[in-house]
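Observations on the model geometry
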Amino acid sequence: MSAVAHEVLAVCIGQPTRIEQLAEDSGIFKKPVTGAVALGPAGFAGDAVCDLENHGGAMKAVYAMGTDDYAYWQETLGRELAVGTFGENLLLAGIDSGRMRCGDRLLFPDAQIVVTQPRIPCAKLAVRMNDKFFAKQFMQSEHPGFYCRVARPGSIAAGQSAEIVAAASGSPTIARMFAQRRGEG
């Protein structure tokens, strides 16, 4: 298996924020933080997950996006997007989430996570993007970001290197898993 390193551009954390349109709280409004953030089996310390039925938990402890995903969305939407816009915990340089594979391992100096599945859009993302149709647009893309489980707790900080150890070549890509979710495979 080959390993490729990518820089961690941001670690983002969110606090419970009331979404009046949905009459519920959400942790989707994440912002980059400085310094190392502790990472445990349930995710980053201090990061709110308000909807445990659809977000968080062991298989969705960390949500990551890549700069290739951000470039796609900025071009598609015709505007700059602040880091954390999608509710991601990690922004990684040179990553296209659609090409990641279930089982890819991301090795940080003090932690390790494993790709588990694509992010499925929800009403909270549509509110965050101020576009009631955004979830449908997001679902049609190949840039959903990806969830990970924590294989080795530790800490992660912006500026660190994330070495990606590829899963077996037969493992499904995030784009393929996302297309299956859309009913295309």
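Residues numbered from 1 in each chain as written. Predicted model: local features only at pLDDT ≥ 70, side-chain atom pairs only at ≥ 80, totals over all residues. Heavy atoms only, no water.

1. Details of the packing of aromatic side chains
Enumeration according to the criterion identifies 10 aromatic pairs in this entry. Between Trp73 and Phe134, the ring centres sit 5.1 Å apart and the planes meet at 55 degrees, which makes this aromatic pair tilted. Taken together, the residues span a long stretch of sequence, with Trp73 in helix H1 (residues 67–77) and Phe134 in helix H3 (residues 134–139) at a distance of 61 residues. The same class applies to Trp73 and to Phe134, which are both buried. Between the aromatic rings of Phe86 and Phe138, the centroid separation amounts to 6.2 Å while the plane-to-plane angle is 35 degrees, which identifies the pairing as tilted. Taken together, the positions of Phe86 in the loop between H1 and strand E8 (90–92) and Phe138 in helix H3 put the pair 52 residues apart, joining distant regions of the chain. Accessibility classification places Phe86 together with Phe138 in one group, the buried group. If you follow Arg119 out to its NZ or CZ, it ends over the ring of Phe138, 5.9 Å from the centre. (Phe/Tyr/Trp six-rings, centres within 6.5 Å; stacked < 30°, edge-to-face > 60°. Helix = DSSP H or I, 4+ residues; strand = E, 2+ residues; numbered from the N terminus. Buried < 20%, exposed > 50% of the residue type's maximum accessible area, 1.4 Å probe, protein only. Lys NZ or Arg CZ within 6 Å of the ring centre and 35° of its normal.)

2. Brief notes about the nonpolar core
Membership of the largest hydrophobic core comes to 26 residues, with the highest contact counts inside it found for Phe44, Val62, Leu90, Leu106, Ile113, Phe146 and Ile156. If you look at the next biggest cluster of nonpolar residues, it comprises 17 residues, including Ala10, Trp73, Met129 and Met139. (Core = buried A, V, L, I, M, F, W, Y, C linked by side-chain atoms within 4.5 Å.)

3. Some words on the sheet that holds strand E12 (residues 154–156)
Here 3 strands make up an open sheet; going across it, the order is E6-E5-E12 and the pairing antiparallel. Since the sheet does not close on itself, it has two edges, and those belong to strand E6 (43–44) and E12, each with one partner. Direction of pairing for strand E5 (residues 37–40) relative to E12: antiparallel, over a ladder of 3 bridges. Each bridged residue has a counterpart across the sheet, and for Ala38 the counterpart in E12 is Ser155. (Pairing = 2+ DSSP bridges.)

4. Description of the pattern of salt bridges
For the structure shown, the criterion picks out 6 salt bridges. For Lys124, the salt bridge goes to Asp51, with nearest N and O atoms at 3.2 Å. Here Lys124, found in helix H2 (residues 123–128), pairs with Asp51, found in the loop between E6 and strand E7 (62–66); they are 73 residues apart in sequence, far enough to count as distant. Assessed through its relative accessible area of 16%, Asp51 is described here as buried. Between Arg99 and Asp96 there is a salt bridge, with the nearest N and O atoms lying 3.9 Å from each other. (Salt bridge = Lys/Arg side-chain N within 4 Å of Asp/Glu carboxyl O.)

5. With respect to the state of the cysteines
Throughout this description, disulfide means a covalent bond between two cysteine sulfur atoms. This model, assessed by the stated rule, comprises 0 disulfides. Here Cys50 is not disulfide-linked; the sulfur of Cys122 is the nearest cysteine sulfur, at 12 Å. The thiol of Cys102 is unpaired, and the distance to the nearest cysteine sulfur, on Cys148, comes to 9.6 Å. (Disulfide = S-S within 2.5 Å.)

6. Details of the side chain of Gln112
Within the element layout of this structure, Gln112 appears in strand E10 (residues 111–118). For Gln112, a relative accessible area of 14% puts it in the buried group. Looking at Gln112, its side chain comes within polar contact range of the side chain of Arg105, at 2.3 Å. (Polar contact = N/O pair within 3.5 Å; in protein donor to acceptor, adjacent residues only side chain to side chain.)

7. Focus: unusual backbone geometry
Positive phi, normally seen in glycine, also occurs at Ala23, with a value near 55 degrees. In this structure, Ala23 sits in the loop between strand E2 (17–19) and strand E3 (24–26). At Asn130, a position not held by glycine, the phi torsion is positive, near 55 degrees. Looking at where Asn130 falls in the secondary structure, it is placed in the loop between H2 and H3.

8. Concerning the environment of Val33
Position of Val33 relative to the elements: it lies in strand E4 (residues 30–33). C-alpha separation for the pair Val33 and Gly87, spaced 54 residues apart in sequence, amounts to 13 Å. Apart from residues no more than four positions distant in its own chain, Val33 is found in contact with Val11 and Ile13. (Contact = heavy atoms within 4.5 Å.)

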